[in-house]
Amino acid sequence: MTTILPALLLGVGLAGLAAPALAQPDFSGTWERYPAPEETADPRYAPTPIPDPQLKPEHRAEWEAGQKILAERLREGQPAGDNYVHCIPDGMPAMMMGMFPMEVFQRAEQINITQEAFNQTRRIYMNQTLPNWDEVDPSFYGRSVGHWEGDTLVVETTGIKENVRFRWTPHSGSMKITERIRLLAPDILQDQISIDDAYLEKPWTYSYSFRRMQDYKLQEYICEDNREYVDPDGNTRLKIGK
Amino acid sequence: MKFAREHYLAALACAATLAAPLHAHHSFAMFDNTRSVTLHGKVTEYQWTNPHVYLDIDAEDGKGGTKHYTMEMTSPNMLHRGGWSSRTIKPGDVVTAVMSPLRDGQPGGLLLQLTLPNGKTMLPGVPNAQRYKITS
């Protein structure tokens, strides 16, 4: 009796200590876009469509001109953006819907997300203060900090290069991306994205959904020998031979 | 496991359809998708690299000689998910390749299907494969 009681008490104590950690879900693992192309999504988990950004009038003309070129290219079967053709990764926020699967590495103090295409990795520093946009050097993934609100991982990102654009949408250096990431089901992850920027009349919001993959190992992606190039007329060409 | 495999096959089939053309990878517009060319010959190089895998062959020209062709494939990760590896083909293998030729007339194209020395025909998972006519 005398030995069991302390053990029980210890057990209760440990459970108490472990409880806050258990409240935070574990996103570790490999994820793919949901739904897959041509798959009908379960409405409970379907991503929200991405609306057009509500740009202020002074930025709308640039966006519209870009969309016209984009639509033309898509009709011709050309890629949407030039990044991949030039062996340049997506950057944020596009990498959250990069072309291939992604892997989440979760630790209490830092969460990394790697997208298979171009080995892109973003790093989310937990429970740190988001610097002002002009305190960090602009980059493809910017500076990201995160914290938990119950079962939801809230990530704030700033410091994205102005030439790193999502859907050819111009943005200022002070753009801020807020993500709310949570599990909708044990194997379905949702990322609600809200983009705030001085170029926008109101935040640009949409969501992505992901499905957990079983036993998938991300593959290396080094853009080692890019033989494609865009000629002066804007057509993608192939260099034959080395 | 089974689910995963089926899922990959489905994903591959559609990687292509890429209904969301916004997700199209590289451009395949440089290939003439209205016709195909069939080549038979010896592999000189099979280069397993990103962003694309390349297959080079010395194809019989029908006049007793050969002509060198370079064919583009998708990326190693997509090919891997479709059952290919860096060892599927090796230099010296005699293969039959069907390709969509380059529009600009250079000796090359986009590989649409490949018959290996053992007679097995493999599909390289070309996005929107149904858009590329096989006429040869």
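Cut-offs used in this document
Residues numbered from 1 in each chain as written. Chains lettered and ligands numbered in written order. Predicted model: local features only at pLDDT ≥ 70, side-chain atom pairs only at ≥ 80, totals over all residues. Helix = DSSP H or I, 4+ residues; strand = E, 2+ residues; numbered from the N terminus. Buried ≥ 20, exposed ≤ 12 C-beta atoms within 10 Å, placed from the backbone. Contact = placed C-beta atoms within 7 Å. Expected span 1.5 Å × (residues − 1). Pairing = 2+ DSSP bridges. Axes fitted to C-alpha atoms, helices over the stretch in contact; angles between N-to-C directions. pLDDT = per-residue confidence, 0-100.

Moving on, we come to the overall build of chain A. Secondary structure summary: chain A contains 2 helices and 11 strands in total. When the helices and strands of chain A are listed from N to C terminus, the series reads α-β-α-β-β-β-β-β-β-β-β-β-β. Among the 242 residues that make up chain A, the fraction classed as buried is 29%. Partitioning the contacts of chain A with sequence separation of at least 6, the portion at a separation of at least 24 is 52%.

Here we come to the overall build of chain B. Within chain B, the secondary structure is distributed over 2 helices and 6 strands. Written out in order from the N terminus, the α and β elements of chain B read α-β-β-β-α-β-β-β. Looking at chain B as a whole, 40% of its 136 residues qualify as buried. Within chain B, contacts between residues at least 6 apart in sequence are counted, and of these 57% link residues at least 24 apart.

This part is about helix α2 (residues 57-76) of chain A. The end-to-end C-alpha distance of α2(A), which contains 20 residues, comes to 29 Å, matching closely the 28 Å that a straight helix rising 1.5 Å per residue would cover. With 1 of 20 residues buried, α2(A) lies mostly on the surface of the structure.

In this structure, P93(A) follows M92(A) across a cis peptide bond, with omega equal to 0°. Note that P93(A) resides in the loop between α2 and β2 (102-106). Residue P51(B) follows N50(B) across a cis peptide bond; omega there is 0°. Here P51(B) shows up in the loop between β1 (37-47) and β2 (54-60). Here the phi dihedral of D215(A) falls at roughly 55°; this positive angle occurs in a residue that is not glycine. Along the polypeptide, D215(A) turns up in the loop between β9 (204-212) and β10 (228-230).

Here the focus is the sheet that holds strand β4 (residues 120-126) of chain A. All names here are of chain A. Here 9 strands make up a closed barrel; going around it, the order is β1-β2-β3-β4-β5-β6-β7-β8-β9 and the pairing mixed. When strand polarity is set aside, the average angle formed by the axes of neighbouring strands in this sheet is 30°. Here β4 pairs with strand β5 (residues 143-149) via 3 bridges, running parallel. Across the sheet, residue Y125 finds its bridge partner in β5, namely V145.

Another aspect to go through is the environment of P53(A). Residue and element names in this part refer to chain A. Relative to the elements of secondary structure, P53 occurs in the loop between β1 (29-34) and α2. The sequence separation of P53 and P170 amounts to 117 residues, and the corresponding C-alpha distance is 9.9 Å. If we ignore the near neighbours within four places in the chain, the residues touching P53 are W63, T169, L200 and W204.

All names here are of chain B. Tracing the backbone shows G125 in the segment after β6 (121-122). Classification of G125 as buried rests on a count of 21 C-beta atoms within 10 Å. It is 29 Å that separates the C-alpha atoms of G125 and G62, two residues lying 63 residues apart in sequence.

Residue and element names in this part refer to chain B. Judged from the 6 bridges that link them, β1 and strand β4 (residues 94-101) form a sheet pairing that is antiparallel. Across the sheet, the residue bridging to L39 is A97, located in β4. Bridge count for β4 against strand β5 (residues 108-115) is 6 bridges, and the pairing is antiparallel. Across the sheet, residue M99 finds its bridge partner in β5, namely L111. Remark: 6 residues form the turn of the hairpin made by β4 and β5, two consecutive strands paired antiparallel; G105 in that turn has positive phi of roughly 85°.

Let's shift gears to the environment of V230(A). Residue and element names in this part refer to chain A. Secondary-structure assignment places V230 in strand β10. Given 15 C-beta atoms within 10 Å, V230 falls into the partly exposed group. Residues V230 and L70, 160 residues apart in the sequence, show an inter-C-alpha distance of 15 Å.

For the rest of this paragraph, the subject is the confidence of the model for chain B. All names here are of chain B. Per-residue pLDDT for chain B averages 84, and the proportion of residues at 70 or more is 80%. Note on residues 1-24: pLDDT under 50 across the span, and 40 contacts to partners over four residues away in sequence or across chains. At the level of chain-chain contacts, confidence expressed as ipTM amounts to 0.78, with global pTM at 0.82.

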